[in-house]
Amino acid sequence: MPKFQDPWVLLRHNEPQYDESSTGNRRPVPPTEVPWTGELQQRQLSASSVDAGNVEFEDGHVKSSYVLLLDPGLDPLPAARDKFRDADGDVYQVVGKARERRPRRRPRRVAYIVVIVRRSNDIKE
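The rules behind the values
Residues numbered from 1 in each chain as written. Predicted model: local features only at pLDDT ≥ 70, side-chain atom pairs only at ≥ 80, totals over all residues. Heavy atoms only, no water. Helix = DSSP H or I, 4+ residues; strand = E, 2+ residues; numbered from the N terminus. Phe/Tyr/Trp six-rings, centres within 6.5 Å; stacked < 30°, edge-to-face > 60°. Buried < 20%, exposed > 50% of the residue type's maximum accessible area, 1.4 Å probe, protein only. Salt bridge = Lys/Arg side-chain N within 4 Å of Asp/Glu carboxyl O. Pairing = 2+ DSSP bridges. Contact = heavy atoms within 4.5 Å. Core = buried A, V, L, I, M, F, W, Y, C linked by side-chain atoms within 4.5 Å.

A. Just unusual backbone geometry, in detail. Backbone torsion omega between Asp75 and Pro76 reads -5°, so that peptide bond is classified as cis. Take Pro76: it is sitting in the loop between β6 (61-70) and β7 (83-85). A cis amide bond, omega 0°, links Arg106 with the succeeding residue Pro107.

Have a look at this one:
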């Protein structure tokens, strides 16, 4: 039974395929859609992060960083070229490497998956 109730769709990036019928050029392949459940949380920027130059507003573009908690069992884990779509149709880009989190005490089964995602107002699908 899933712990998280919010519906999400993982959009797995697919490598382009060669068009052997005519030109031999690479053609884009639509992403593979994997339905999943999770919960999105706002990621707070620390004062040291802001001092290092990380801001949420840059040249008229708004970008926000979030933590997406996912139910365990997703295999393979999301990669940096993958995206997530929420129930409202907003698309979030995966940033960095997804991690499995386990409790410190037994049982040491995966409790949830953590993915850092970002959403920017200039990303269009």
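B. Representation of the packing of aromatic side chains. Applying the stated criterion across every chain yields a total of three aromatic pairs. Relative to Phe84, the ring of Trp8 has its centre 6.4 Å away and its plane inclined at 85°; by these criteria the two rings are edge-to-face. Linking Trp8 in strand β1 (residues 6-12) with Phe84 in strand β7, this pair joins segments that are 76 residues apart in sequence. For the pair Trp8 and Phe84, one class covers both residues: buried. Judged by centre distance (5.6 Å) and plane angle (85°), the ring pair of Tyr66 and Tyr92 falls under edge-to-face.

C. Highlighting the pattern of salt bridges. Within the structure shown, the criterion is met by six salt bridges. Among the ionic pairs, Arg102 bridges to Glu100, the shortest N-O distance being 3.5 Å.

D. Broad picture of the pairing of β1. By the criterion of burial, β1 is predominantly enclosed, with five of the seven residues buried. Summarising the sheet, β1 and strand β4 (residues 32-42) pair through seven bridges and their orientation is antiparallel. Pairing of Leu10 across the sheet is with Val34, part of β4. Across three bridges, the pairing between β1 and β7 is antiparallel. In the sheet register, Val9 faces β7, and the bridge partner there is Arg85.

E. Highlighting the environment of Arg99. Among the secondary structure elements, Arg99 is positioned in strand β8 (residues 91-101). If we ignore the near neighbours within four places in the chain, the residues touching Arg99 are Tyr112, Ile113 and Val114.

F. Geometry of the nonpolar core. Formed by 13 residues in total, the largest nonpolar core has its most connected members in Leu68, Leu70, Phe84, Ile113, Val115 and Val117. Mapped onto this core, the elements with two or more residues apiece are β1, β6, β8 and β9 (112-120). Residues contacting Ile113, with those up to four places away along its chain left out, are Leu68, Leu69, Leu70, Asp71, Pro72, Gly73, Leu74, Leu77, Ala98, Arg99 and Glu100.

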